[in-house]
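Descriptive structure summary
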Amino acid sequence: MDIAYIPSPSHGVVHLGPIPLRGYAFCIIIGVFVAVWLGNKRWIARGGRPGTVADIAVWAVPFGLVGGRLYHVITDYELYFSDGRDWVDAFKVWQGGLGIWGAIALGAVGAWIGCRRRGIPLPAWADALAPGIVFAQAIGRWGNWFNQELYGKATDVPWALHITSSTDGRVPGYYHPTFLYESLWCVGVGFLVIWADRRFTLGHGRAFALYVAAYCVGRGWIEYMRVDDAHHILGLRLNDWTAMVVFLLAVTYFVVSARLRPGREEVVEPDGDTPDGDAVALDKKADSEADKKVDSKADDAADETTDKKSDDKKSDGKKSDGKKLDGKKPDAKTDTESDGPAQSKESVEPAESEELVEPEESVESVEAARGEAESAKKV
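On a predicted model such as this, the values are computed, not experimentally measured, just so you know. Position numbers for residues start from 1 in each chain and track the written sequence from start to end. Given that the model is predicted, a residue must reach a pLDDT of at least 70 before its local features are reported, and side-chain atom pairs must reach 80 or more before they are shown or counted; all residues, however, enter totals for whole chains, interfaces and linings. The basis for every side-chain value is the complete set of non-hydrogen atoms in the structure, without hydrogens or water.

Points about the pattern of salt bridges
To be explicit about the condition: Salt bridges are counted wherever a side-chain nitrogen of Lys or Arg sits within 4 Å of a carboxyl oxygen of Asp or Glu. Secondary structure elements are taken from DSSP: a helix is a run of H or I of four residues or more, a strand is a run of E of two residues or more, and numbering for both begins at the N terminus. Exposure classes here rest on a 1.4 Å probe applied to the protein chains alone. A residue is buried below 20% of its type maximum, exposed above 50%, and partly exposed in between.
Applying the stated rule across the entire model yields 13 salt bridges. Here Glu182 ties to Arg219 by a salt bridge, and the two come within 4.0 Å at their closest N and O atoms. Of this pair, Glu182 sits in helix H7 (residues 178-200) while Arg219 sits in helix H8 (residues 206-225); the two residues are 37 residues apart in sequence, bridging distant segments of the chain. Between Arg237 and Asp228 there is a salt bridge; the shortest N-O distance is 3.3 Å. Residue class for Arg237 comes out buried when judged on its relative accessible area of 6%. The partly exposed category is assigned to Asp228, whose relative accessible area is 25%.

Here it is as structure tokens:
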């Protein structure tokens, strides 16, 4: 009985002459471009400069690829270093095998280097890029479809994935398309982060923490459905344990960050543009014009004060000059009156002396008369 199913591509690579075009590589490259494009738009909206996301991605992407490959090789080392295996295959990234945990961890190191060189905070850059990263994961998962890998348990659901390859231990049949489940989950996480970021104004790395926590929830149940070989600890696959640990770390960071640094960064990049569009830009322009007016008034007031002080100094100088001239006037008067007024003064003084002499003469005559009268009585 035929059932509906999702067909698998017969070939994961197309040759353009001597150049192989691999579907897995195309999915990774497209995902990177989407992440950078969306991250750049979000970065500019937060007040950053165009091109900054791409400049830092030059550091983050190579580090992420190396980290993702290292995680895969370390956790699945038997695929490359066991008997009958060729260790050179560990470098063949195009054949698949990138662990998202290692990609994010080492990619963050590369992003930190890029952010440090540009003088911007890593959490702010991560918040801007978070939805783009998870959308890139959604696109990258389709690379597993081209390689016919990472499928789930056998099923007869209408959307079952039809595996046709029998290489590397595959068994042809119909299986749960776990790559599709994870791809759809990642799309949902991306829109969740965008909505929450707008609704709650997430900042200081909390949008990125929300992305990590939400992705881990989906990765946990999707990982449980997979049937490919993996290391188990206490009955659970290694990636399930990793998802739980990373989920707890992301939630802890989200809660602690919200308490210590609420809100969002006001400035995400030195000399960046104004966030939130033209309205805020107009407010900034208005504030600038108001500051200019205040400065102009202050300058005018300072000029008036300076002019007033200079006028006061001039008037004080004139007064001091007048006092000096007044002090010199008696000398000038004496000199000028030496001929005229001085004579009148001399003419007055003798008159006064004559008036004083006249009483003295009259007293003497009286006394003389009295003396003569007394002498006459005696006779």
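Still more ground to cover, so stick around.
A closer look at the pairing of strand E4 (residues 160-163)
Let me state the cut-off plainly: Each pair of strands is called paired provided DSSP finds at least two bridges between the two strands.
Alternating positions in E4 separate into two faces, Ala160 and His162 on one and Leu161 and Ile163 on the other, with burial throughout. Where strand E1 (residues 5-6) and E4 come together, two bridges link them in parallel fashion. Bridge pairing in E4 links Ile6 to Leu161. Across three bridges, the pairing between E4 and strand E5 (residues 173-175) is antiparallel. Its bridge partner lying in E5, Ile163 is registered against Gly173.

Regarding the sheet that holds E1
Ordered by their spatial adjacency, three strands build an open sheet running E1-E4-E5, and the pairing between neighbours is mixed. The open sheet terminates on both sides in strands that have one partner only, identified here as E1 and E5.

With respect to the packing of aromatic side chains
Spelled out, the test is: Note on ring pairs: Phe, Tyr and Trp rings are taken, using the six-membered ring of Trp, and paired if centres are within 6.5 Å. Classes follow the plane angle, with under 30 degrees stacked, over 60 edge-to-face and the rest tilted.
Evaluation of the coordinates by the stated rule reveals 12 aromatic pairs. Connected via pairs of aromatic rings, a cluster forms that spans Trp142, Trp145, Phe146 and Phe179.

Quick notes on the environment of Ser183
Mapping Ser183 onto the fold places it in helix H7. On the basis of relative accessibility, which here comes to 5%, the residue Ser183 falls in the buried class. In sequence terms Ser183 and Val134 are 49 residues apart; their C-alpha atoms lie 9.1 Å from each other.

Structural notes on helix H2 (residues 52-75)
To keep things clear, this is the line we draw: Under the convention used throughout, the expected extent of a helix is 1.5 Å for every residue step, that is, one less than its residue count. A residue's bend is simply the angle between two axes: one fitted to the seven residues ending at it, one to the seven starting at it.
When the terminal C-alpha atoms of H2 are compared, their 34 Å separation across 24 residues agrees well with the 34 Å that a helix rising 1.5 Å per residue should span. Helix geometry: H2 is bent most strongly at Val58, by close to 35°, with proline Pro62 lying one to four residues after it.

Let's talk about a nonpolar patch on the surface
What counts is decided by this rule: Patches were defined on residues exceeding 30% relative accessible area and lacking a salt bridge, with like-charge contacts within 9 Å and nonpolar side-chain contacts (Val, Leu, Ile, Met, Phe, Trp, Tyr) within 5 Å. Exposure was quantified through the Shrake-Rupley algorithm and a 1.4 Å probe, taking into account, for residues, occlusion by the shown protein chains and nothing else.
A cluster of nonpolar residues, Val14, Leu16, Ile19, Leu21, Phe26 and Ile30, forms a patch on the protein surface that exposes about 550 Å² of accessible area. When residues of the nonpolar patch are traced back to their parent elements, those giving at least two are strand E2 (13-16), strand E3 (19-22) and helix H1 (23-45). Tracing the chain through its elements places Ile19 in strand E3.

Points about the nonpolar core
As a rule of thumb, nonpolar side chains are buried together in soluble globular proteins. The condition is simple: Nonpolar core, defined: a set of buried Ala, Val, Leu, Ile, Met, Phe, Trp, Tyr and Cys residues in which side-chain atoms within 4.5 Å join the residues together. Two residues qualify as a contact provided that any one of their heavy atoms is within 4.5 Å of a heavy atom in the partner residue.
Grouped together as the largest cluster of nonpolar side chains are 33 residues, with contacts concentrated most on Trp43, Trp101, Trp125 and Tyr211. Those elements that place two or more of their residues in this core are H2, helix H4 (100-118), helix H5 (122-140), H7, H8 and helix H9 (238-260). Looking at this core element by element, the count peaks at eight residues for H5. With sequence-adjacent residues up to four places away left out, Trp101 is seen in contact with Tyr71, Tyr215, Cys216, Arg219, Asn239, Thr242, Ala243 and Val246. Ranked by size, the runner-up nonpolar core spans eight residues in total, among them Tyr151, Leu161, Ile163 and Phe179.

Concerning the side chain of Thr178
The residue Thr178 is located in helix H7 in this model. For Thr178, a relative accessible area of 2% puts it in the buried group. Once you skip the residues sitting within four places of it in the chain, Thr178 turns out to touch Leu150, Tyr151, Gly152, Ile222, Met225 and Arg226.

Some thoughts on the pairing of E3
Here four bridges tie E2 to E3, and the two strands are oriented antiparallel to one another. Its bridge partner being in E3, Leu16 is matched across the sheet by Ile19. Where E2 hands over to E3, the hairpin turn is made up of two residues, of which Gly17 adopts a positive phi near 65°.

What to know about the packing of H1 against H5
Which entries qualify depends on this criterion: Axis angles are defined between N-to-C directions and span 0 to 180 degrees, where every axis is a line fitted to C-alpha atoms and, for a helix, only to the segment in contact. If an angle is under 35 degrees, it is roughly parallel; if it is over 145, roughly antiparallel; if it lies from 65 to 115, roughly perpendicular; otherwise it is oblique. Here a crossing is called left-handed whenever its near helix is offset anticlockwise from the far helix by less than a right angle, and right-handed whenever the offset is clockwise.
At a closest axis distance of 8 Å, the pairing of H1 and H5 adopts a crossing angle of 150°. As summarised for this structure, H1 and H5 are arranged roughly antiparallel, according to the angle between their axes. Seen along the crossing, H1 lies across H5 with a hand that is right-handed. Of the residues in H5, those in contact with Cys27, Ile28, Ile30, Gly31, Val32, Val34, Ala35, Leu38, Gly39, Arg42 and Trp43 of H1 are Ala124, Trp125, Asp127, Ala128, Leu129, Pro131, Gly132, Ile133, Phe135, Ala136, Ile139 and Gly140.

What to know about the confidence of the model for the protein
How we decide: A residue's pLDDT is the predictor's confidence in that residue, given on a scale from 0 to 100.
Per-residue pLDDT for the protein has a mean of 80; in total, 71% of the residues score no lower than 70. Counted against residues more than four places away or in other chains, residues 327-361, with its pLDDT under 50, gives one contact.

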